[in-house]
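Here is what each chain is made of, one letter per residue.
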Amino acid sequence: MTFVENFRRDWLSNIRGDVLAGIVVALALIPEAIGFSIIAGVDPKVGLYASVIIAIVISIAGGRPAMISAATAATAVLMGSLVREHGLDYLLAATVLAGIIQVGAGLARVGTIMRFVSRSVLTGFVNALAILIFMAQLPELTGVTWQTYAMIAGGLAIIYLFPRLTKTIPSPLVCILVLTGISLLLRTDVRTVADLGELPSSLPSLLLPNVPFNLETLWIILPYSIGVAAVGLLESLLTASIVDQMTDTGSDKNRESIGQGIANFITGFFGGMAGCAMIGQSVINVKSGGRTRLSTFTAGAFLLFLLMVLGDWVGLIPMPALVAIMIMVSIGTFSWTSLNDLRKHPRRSSLVMLATVITVVGTHNLALGVGVGVLLSGIFFAWKVSQIFRVTSVLTADGKERDYLIEGQLFFASAEDFLNAMDFKEQLERVRIDVSNAHIWDLTGVNAVDMAVLKFRRAGAEVELVGMNEASATIMDKLAVHDQPGALERMLGH
């Protein structure tokens, strides 16, 4: 495919849908960017500038068309203590360094780690984010006037019923326009975007973070940069997988990792905080008709237009309109079929999903929740594989030789069963260990073979290992010690 064909596919194949979806996303980004700035302890313009720059840069450099990246809570929450202790400039320096780390991770092909995230973990991640998105709306649902509830209900009605009339215009955009008009006409007592904080009225300018360029500064920002880079990549790669499924298209996870790094690197020099992919806004974009890079670019560019030209009008948007959209996102993001699947899926898969949800919701830490899910998946997988491991043996008629047949995967979870299946006190002249139906995977497996061979030799038997496949022979040649001088004394302690 030529450059022109690629450009048309990625930018011009869905112009109307992408532009309208980008407008909706831009409007929905404003309150979230302000909220995330507050979480990080910085001026609202830091989050808003970051959302503009990251969205525009990632639309060009990213690997997942139609995915929205901007300032996020996941990265903002990590920066709060840095800002409190050292100030904004250190946050900007940490953002630049996080971008460099992410570019390096992308070049190291970190995107391939997504193959280790099971379906259960991904479902748990999606459900947890849906719950967190809804929980984030609770401040706008408690201690408010009855008009707020009425407008939220009306907004949800527009969002879900308007598509039955026409899908030409995204229903979330209609929701914003209609509720803003009602709020102005009836002068309703509801919170507006302007109540969240002052919107910037000037363009972001290029600047260097005002920090000393020395090792002391590096040691201060490095832990924060590593945390932001890791959490940002994790959320971005998981969100990319979700958008892949929603659109039935693929993405380049390694390019996305590099793109996230470039976006954060640049935003740090324009006064913006670090960000990453946003599942909520990405769902809004896709459900509103966004499919290509143009939708992401439009979101960033139109957000800048709103701030510079229509700032006063944007401030009039009632919060109930945006809350209604985010409730729609929460409902649409949650995997409702997973509730029914709890009864049908294997218990271990359901436990992984629930553990991921509980950890993320309980800690508001996406990386920790996914880490717990991946760890449980790995433990359950290792246990399952170890259960199909078997050792059988046959004694010759004269009782002097025994053949052990090993079947399955010999590794840390099955090494104990391997040793327990052998009788080292039996008086034999010869022992034959046949691993033609087995595979030796790790140091623990090699160590178990060493131990078996040495124990039989100590009992006076001659030991023969047969049937090793090429991979097993390679790891045994590199790590096994049973044929080395003094191995018996070293391993058995005699």
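These numbers were taken from a predicted model, which means no experiment stands behind them.

K.L.:
Tell me about the packing of helix H9 (residues 215-247) against helix H17 (residues 366-387), and name the residues and values.
P.N.:
The geometry of H9 relative to H17 is characterised by a closest axis approach of 9 Å and an angle of 65° between their N-to-C directions. Overall, the two elements H9 and H17 adopt an arrangement that is roughly perpendicular. You can see that H9 and H17 cross each other, and the crossing is left-handed. Contacts from Val231, Leu234, Glu235 and Leu238 of H9 reach H17 at Leu366, Ala367 and Val370.

K.L.:
Can you lay out the sheet that holds strand E5 (residues 430-440) for me, pointing to particular residues and giving the numbers?
P.N.:
Taken together, the 4 strands give an open sheet; going across it, the order is E3-E4-E5-E6, and neighbouring strands pair in mixed fashion. Only two strands of the sheet have a single neighbouring strand rather than two, namely strand E3 (390-395) and strand E6 (462-466). The mean inter-strand angle of the sheet, taken between neighbouring strand axes irrespective of direction, is 15°. Summarising the sheet, strand E4 (residues 401-410) and E5 pair through 9 bridges and their orientation is parallel. Note on E5: the bridge partner recorded for aspartate 403 is arginine 432.

K.L.:
Hey, could you go over the nonpolar core for me, with residue numbers and the actual values?
P.N.:
Ranked by size, the top nonpolar core spans 95 residues in total, and within it Ile30, Met79, Phe125, Leu238, Met273, Ile284 and Ile325 carry the most contacts. With 13 residues, the single largest contributor to this core is helix H2 (residues 15-40). Those residues in contact with methionine 79 that sit more than four places away from it in its chain are Ala40, Leu91, Ala94, Thr95, Tyr224, Val228 and Ala274. Formed by 26 residues, the second largest nonpolar core is a distinct cluster that contains Ile406, Val431, Val449 and Met476.

What counts and how
Residues numbered from 1 in each chain as written. Predicted model: local features only at pLDDT ≥ 70, side-chain atom pairs only at ≥ 80, totals over all residues. Heavy atoms only, no water. Axes fitted to C-alpha atoms, helices over the stretch in contact; angles between N-to-C directions. Helix = DSSP H or I, 4+ residues; strand = E, 2+ residues; numbered from the N terminus. Parallel < 35°, antiparallel > 145°, perpendicular 65-115°, else oblique. Left-handed = near helix turned anticlockwise from the far one by under 90°. Contact = heavy atoms within 4.5 Å. Pairing = 2+ DSSP bridges. Core = buried A, V, L, I, M, F, W, Y, C linked by side-chain atoms within 4.5 Å. Buried < 20%, exposed > 50% of the residue type's maximum accessible area, 1.4 Å probe, protein only.

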